[in-house]
Structure formats: structure tokens, C-alpha cells
Amino acid sequence: MERLKSAVPAELRRAVSEGTAGDLPCTTSRLLAFLDGLPLFHQVIGELTDPELALCRKDKGRATELKGRGNACFSRREFEQALGFYSQALRYFPISSDGTDRSMIATLYINRASTMHKLGLLEECLRDCNRAISVSPNYSKAWYRRGMVNASLKMYSSAIHDMEVALSMEVTSSGKSNIEQELKLILEKHQNINEVGTSSSNFMDEEQQCKVVLDCISTPNKDRGMTSPNDISPASLIHTEDPLTAIIMKSCRDTHCHYCFSEAPADVVFCTSCTLPIYCSKRCQEQAVGEISWNQNTCLEFNNNAVDLAKLSITSTRCRTSNSKHNAEHRHECGGAHWAAVLPADIVLAGRVMAQYIEKRLMARKGSTISGPNLDLVHHYDQESPASKFESHIYAIVLLLCLQNYYKSDFSWTEDSLSQLVLLISQIKVNSIAIVHMKSMDGGKELTVNKGFSAYSDAVMCSVEQVRVAQAIYMSGSFFNHSCRPNVHAYFYSRTLFLRATEYIKAGSPIELSYGPQAGEMDLPERQKSLQENYYFSCQCSSCSVLNLSDLVMNSFYCPQSNCLGAVSESIYHRCKENFVHVSLGECHVCTLSLPDISKFDDDMVKVGKLFFRKSDAILNVDPAFCMSCRSQLDLSFAAAMSDRATSKINRLKELTALDNVPEVLIAEALQSLEQIKKLRHPYSKALAQVEDTIAEAFAKVGDQEQARKHCEASIKILEKLYHPNHIIIAHELIKLVSIDLSLGDGASASAALARAEAIFLLYYGPDVKRILPYVDVLRRTVSERSIGSC
Ligand SMILES: C[S@@+](CC[C@H](N)C(=O)[O-])C[C@H]1O[C@@H](n2cnc3c(N)ncnc32)[C@H](O)[C@@H]1O
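Source: prediction; values computed, not measured.

The strand order E21-E20-E19-E22 describes an open sheet built from four strands, whose pairing is antiparallel. Of all the strands in the sheet, the pair left with one neighbour each is strand E21 (588–594) and strand E22 (620–622). Strand-to-strand twist across the sheet, computed as the mean angle between neighbouring axes with direction ignored, equals 20 degrees. Helix-sheet contacts for helix H20 (residues 524–535) involve strand E19 (571–575), strand E20 (580–585) and E21, and the interaxial angle to E21 is about 115 degrees.

Written out as C-alpha cells, the structure reads:
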């Protein structure tokens, strides 16, 4: 793509880069005319769309080699590695429409099933056996393996049935005698033990009904925004929505399902036509590629419940259906071409929106000339940088030709389509939402309630990791504006967006979420910069219009005068007569804040910024490096350098703690660094909270729970200054404290901290806390067991 960009002559590049949205018909057609005459451009399109050149094409030779490597690992009892090789072999194995390779596919499923059986992955093993039987119903080994796993699952009737079928199909005498022996053992067990059902891990979806009425209204300075004609109580679910379309993050491609974005299980299934996506189940696979059409001639004879599974494995190379009810996102990108793997996520999202639009029109027989989807979403094309405008042009042209390559004569476009596509890319930039999953949600309780260093104790330290798994467009979700102090919380289950009120919202008030920058998380200049760069607006939410403690202290330094709690900042604060405070950073004016209601601000705020609140000082400048309370001066660059040096040692400790390798000498060093940072950074600074938290985790890992508790509590105290008391970040930190208290056998403190954390989680997740943060339930059970135990 870079070569393509540099081939564009300077004059044309300038016209494209400096044009406005109104110029798009002209700039897109000029660029298209130039590229069309450029052999390099046709070469690029060819490389992106030709299945023979695709990086993600199927490859029988490679699949066979991977199978061999899997077999070698299996015979050496290296089951984890064998599992990986068999999965890769399934990924690369081409599936022919005439079903000639059925036995190889069935063998691969059974080899993987046997490996998973060895690893104790019973449900996964059972699913692969079903797949193998549906592909090759006369395959004795598949029935045998299913019989064995059913026996492990204590499903003895099914196990006996499977073994009997295996026996009837087995041709070798040694094979027969092996099956007979196993069958005998299963029959004995069946007589002795009552049969139990499978341990279904399926979560029954709670019926979630949003009863809140929402209105999209026009606002004075934010375009449209959301509100409600009724009061909304805290913790109410106000909105749920599935995305128009979504795309997995590159970093999650090999670990998460490309449809529901959950962490993929061991028996992952693959796209039938290319090697790119992976799915956690047949259901997700079908949602992503549409119902797979298959050649009736390849129909095999098998029992009813195998029919669905067979559809999965036997397919024509083109997985196209015209009557799919849902939007099959991956379908048009499939068939061996790999543009979807190479182009940036925003561009692939635009391609998916376009494809959806094209297919709807084709189905409605509205003619094949397509302009564009023209979504009712804002864009800021005119404010984008010249480089971004130029890039959007190039990508729009490339994308349109990739789509043309798939739809062929079904789809013709005009120059208007290109302008629409450039605007669509612009809309996606400011309206797409990152789908974030909690690691615990995908990986189960074990991943979240991490066992500490077993060499030291059975210490447990709970921590949650947020994983950004995908990027998506939610049509109604896009109408919610941003606030750095939001009153709703957004979270995701699978690909569904949930919005819940975290506080009481009065009828008619704006309902706003956070686009990322939040008060307490970033300071004022950082938030303003991020929102301006990514969303093209200057924020004037409550946190960005009134002077507040969090912004004053979060990145500040400590006043050199002992006993003074004033903050020393890198910004200039200029208070004018009208009680406004102008904030600048370097040469740049950041924003203007009003003084808070003097009767309401707390003691800390006065101590930090005493000068601002002195009535007599109507006009005043607090310069960088001067204390906001007593005007003492600090050598800011020296303090920053010292603080950075100390922080880098703490970061090293953090890395090693994550790797479960905590040398005690590093903790001692970290404690020295903490003392240095305490002398430099303001006592309520974010850096200090992070240092306390890192040291708490390290102590918990080495089993010194007393020290872990001390530092965890110190971290919470600072967070309470930076965020409001019901902020979710405090709940996550409290959960760490609960696990430390439990390790110390202090059930009463654990119970109090857990109650506080649960009250906060309830505001953010309501009853969904059970499925989003399953470890909270685990902790609750442990806390109540300990409380009963100590009675
Ligand atoms: C996802 S859209 C939100 C809905 C949008 N207001 C509309 O009319 O469709 C994001 C855009 O809304 C505007 N916006 C969102 N929050 C804002 C805020 N706090 N202040 C000013 N503009 C805001 C900005 O133009 C931003 O790029």
C-alpha cells in the first residue's frame, strides 16, 4: 500500500489531501483515473483478491505434514503440542465439494479428539467425535472414541451404544477384541453406577428487558444526543444492541472466536474456504459465513442428529446463500482472497457494511448500481488530517475493487459510490466502538482467581484483565455522546452491547458514556487531546468545565515544603476576575474551567489549590513548577527525571510479577523507589497509586499478605481521591483486597470489602455481574465459608 501511495504525483496527492467533503466526487474520480492507469495498482488488487496468491489459502500438503507432526508428538505423549498440530492441520486441509477427502478429515478430528481425551477436555473431545462421525459414519474409530469419552462422562448407555456400533464396523480381529474389552468394562461400570447427565456448561441467558424509554434529541453543541423522558434509577439496564457489523482485533485472531469474540475452545472449528477465521462452534461459523450450501451428491447416510454437523464439513468452495436471515460478515471476504486479513480494521468494517448493503439491494432486486449505504452517522471528514484523507481515498478505491471482484456482474458502481465509501470510512472512525471482554468471562474462574506463588503459600490474588477483542458499529449506540464523568457504563457479552445507568439520571438529562478518556484515568490536557484527535471535539462535560481535585493532583508533583499538600503541575493555571481558570500546557491553551461552588468543595481541594480559593486573589497565575497552595518552586525537570527512573524499576517488578517470578531483592528495591516517588509525586497522584498496587501484587505473590494488604489499602486510598467513591476501578481494587484478607484469614475484613465491591459492581453490571465477573460469586462463597468456619 505504501508503494501505491508514493506513486501518486504530488499535485494529485495535494488535491486529494486538502479537499473537503464537497470535493469528494472530483478527488475520488481523479485518483481512480490515475490508479486505473497504473500497473502497480492492478498488481496490488490482484494480490489481494486472487485465491492462488492468498496467504490464507488451504494447502493439502501442509495439512498432511502438520498431521504427521501431530502424530509424532502424540506418540511421545506431548499432547499439548499434538493438539496444536492437529488443529493446524484441520485449518489447512481443503474441503472438496465431492467429499473425496472425508476419511482424512474424519481421521484428523479423531486424532484431535483422542488428544483432548488425554488432556481431560471431555466435552471438546465429544464434539470432535460427533464431527468425525458426521463426516464418515462408517469410521469405527470415531464410534469407539465417542464410546470412550461418553464413558468418561459417565454417559454409559450412550457409551455402550457407541461401542456396539464400533464393534459392528471394525474389520480387524485385534481391533474387535480391543473394543470388546472396553465394552465389557463399561457394562460393568454401568451396572454399578447411576448414570448422570452431561455437565452442560451452557449459560442460560437471562431474559433482559430494557424498560427505559430513550429519546434521541438535538443538543446545542453536540449534535444529537440521548436522553429519557423518565427518571432512571441507578443500575437500570437502559439499552442492549447487536452490532451492524464487527471485526476481530488482529491480536485476537488466533485465540478468539471471530464471531462471538469469546476465547476459542480447544476443539475450534475453521472456515471451510480459507485459513483465516476460527470459530468456537458451528453456530458461530454459520453466523459468520451464512448457512453453508453443500452438494446433495455428497450426502452421506447417517443418523438424524449428525446431519447438521455434516453440513459443516462438506461444502462447496463458495459459501453463498440468498436467504440467510442474518448478516454473514465473512462470506464475501472468503474463498481464498486475503484482503480482509491485510487491510486495517476500519476499512474491513467499511467493506462489511458495504457488502451488507449490496446484498440487501440484490435481494430486494433494486438494481445493481450501488451508491453507498449512507448511514445516518456523523463524520468529521473536513477536520481530518491531510494524510488521513489521502489514505481513505486509496483504501476506498482498493476496497471497492475487492468487493467488485467478489460480486462481479451483480454489482456495478458509480463515482458517487466512491465518495460515499470515503465518508463511510470517516463515519466509522468516530462511531465504531471497541468491544472489550473481561478475561475471566472467557477463561472461567481459574484465569481470574490466580493462584499465587505455590512455593510460598496458597495465596490468591484476584485481578481482572480487560481484553479489547473487536471493533464494531452499533447504530443506536452511536447516538450516545461522551462525558469524562459518564452516567452510563458500557459492557459486552459476546458481541452484544449493554448500557447500564451507574447513577440516578433525572428525566431530560443527557445520558452519556465514556469514549475512553475519563476523569481519574487521564488528566485534563490528556483527555482534551485524545478527544480532539480521535473525535474532533473539545469536551465541556462536568469534569472538563469545573476545577476538580483529580485533575489538579493526578500528574502533579509534591510541594517541596514539608506539610504543604499543594500540588505542583506542568500546566499554567490562570484565574481571572470572573472566577474562571484558564489552563494552558506549554504554549497551548487547553481549556477554561469555572471554580467549583465554594460551599461544596472539600478540604483536600482547598489544601491543594489554596491560592485559587482566596477571595482577595481575584487575578492570579500559578505557573508550572510553582505550588498551587504556597507558591514554593520546584525543579520540575529534575523531579520528573528522578520520578521516571524510580518508576522504571517498579515497572520491571510488575513485569516479573506477571510472569510469577518475583525476586525478593527486586521488592526491596521497589520499596526504596516507592520512598523516592513519595518525596517527588503528590500523595494523591496516579503514579503513586500504581506503584502501591504493583508492590501489593508482588507481596501477595511471595506470600507476605500483611505487606500486600498495607500497600493495597494505600492504593485504594489514592484512587478514592482520583475517582468518585463508586467508581468501578475502586471495586476491582477492593476485590484484590478481599483475596488478600482471605489469605490472612481475616473473614470480617474480607466480607466488608466484598460487600462494598459488590455494591459498586451492581451499579455497573446489575445481575449480569454473574456472567461478566464469575469470580465474584466464587469469592462470595469462599468468604461465607470462612465466616461460617470462624463462627
Ligand atoms: C458517536 S458520535 C455521538 C453522536 C453524535 N452527537 C451524533 O449527532 O450522531 C460522536 C460525535 O459526537 C460528538 N460528541 C460526542 N460527545 C461530545 C461532547 N461531549 N461534546 C461535544 N461533541 C460531542 C462529536 O462530534 C463526536 O465526534
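A separate point is the confidence of the model for the protein. Averaged over all residues, the pLDDT of the protein is 84; the fraction at 70 or higher stands at 87%. For the protein, helix H13 (residues 307–313) is the element with the lowest average pLDDT, namely 28, and strand E13 (residues 481–482) is the one with the highest, namely 97. Every residue in residues 293–325 scores below 50 in pLDDT, and together they form 66 contacts with partners more than four places removed in sequence or on other chains. Long-range and interchain partners of residues 441–460, a stretch whose pLDDT sits below 50, account for 48 contacts in this model, where long-range means more than four residues apart. Scoring the predicted complex yields pTM 0.84 and, for the interface, ipTM 0.99.

Reading across from one edge, E3-E15-E14 is the order of the three strands in this open sheet, with antiparallel pairing throughout. The strands lining the two open edges of the sheet, one partner per strand, are strand E3 (237–241) and strand E14 (488–493). The mean angle between the axes of side-by-side strands here comes to 20 degrees, regardless of whether they run parallel or antiparallel. Relative to strand E15 (residues 496–501), E14 runs antiparallel, the two being bridged by six bridges. Within E15, the residue paired with tyrosine 493 across the bridge is threonine 496.

Tallied over the entire structure, the rule returns 35 salt bridges. One salt bridge connects arginine 30 with glutamate 11, and the closest N-O pair in it is separated by 2.8 Å. Of the two residues, arginine 30 sits in helix H3 (residues 24–36) while glutamate 11 sits in helix H2 (residues 10–18), which places them 19 residues apart along the sequence. In this structure arginine 30 comes out as partly exposed when scored by relative accessible area, which is 35%.

In this section: the side chain of asparagine 487. Looking at the secondary structure, you find asparagine 487 in the loop between E13 and E14. With a relative accessible area of 10%, asparagine 487 lands in the buried category. From its side chain, asparagine 487 meets the backbone oxygen of proline 510 in a polar contact 2.9 Å long. Within the structure, asparagine 487 has its side chain in polar contact with the backbone nitrogen of glutamate 512 (distance 2.8 Å). Setting aside residues up to four positions removed in sequence, asparagine 487 forms contacts with Arg500, Ala501, Thr502, Glu503, Ile505, Pro510, Ile511 and Glu512.

For the structure shown, the criterion picks out zero disulfides. Unpaired in this structure, cysteine 280 has its nearest cysteine sulfur neighbour in cysteine 260, at a distance of 3.7 Å. On the basis of relative accessible area, cysteine 280 is assigned to the buried category, the value being 18%.

Turning our attention to the side chain of serine 571. Topologically, serine 571 is positioned in strand E19. Given a relative accessible area of 6%, serine 571 falls into the buried group. Here serine 571 is in contact with Pro525, Val583, Ser584, Leu585, Val622, Asp623 and Pro624, once residues within four sequence places are set aside.

Time to look at the site of the ligand. Lys222, Arg224, Asn481, His482 and Tyr535 are the nearest of the 16 residues found near the ligand. Taking arginine 224, its main chain carries an N or O atom lying 2.8 Å from a nitrogen atom of the ligand. At 2.8 Å from a nitrogen atom of the ligand is found a side-chain nitrogen or oxygen belonging to asparagine 481. Protein contact buries 95% of the 560 Å² of open area that the ligand shows by itself. When residues of the shell around the ligand are traced back to their parent elements, those giving at least two are helix H17 (415–431) and E13. Here the shell around the ligand is composed, by residue class, of seven nonpolar, six polar and three charged.

Phi is positive for alanine 235, which is not a glycine, with a value near 75 degrees. Residue position: alanine 235 is located in the loop between strand E2 (224–227) and E3. The class of alanine 235 is buried, set by a relative accessible area of 19%.

What counts and what doesn't
Residues numbered from 1 in each chain as written. Predicted model: local features only at pLDDT ≥ 70, side-chain atom pairs only at ≥ 80, totals over all residues. Heavy atoms only, no water. Pairing = 2+ DSSP bridges. Helix = DSSP H or I, 4+ residues; strand = E, 2+ residues; numbered from the N terminus. Axes fitted to C-alpha atoms, helices over the stretch in contact; angles between N-to-C directions. Contact = heavy atoms within 4.5 Å. pLDDT = per-residue confidence, 0-100. Salt bridge = Lys/Arg side-chain N within 4 Å of Asp/Glu carboxyl O. Buried < 20%, exposed > 50% of the residue type's maximum accessible area, 1.4 Å probe, protein only. Polar contact = N/O pair within 3.5 Å; in protein donor to acceptor, adjacent residues only side chain to side chain. Disulfide = S-S within 2.5 Å. Near = heavy atom within 4 Å. Areas by Shrake-Rupley, 256 points an atom, 1.4 Å probe, with all protein chains shown as cover. Nonpolar A, V, L, I, M, F, W, Y, C, P; charged D, E, K, R; others polar.

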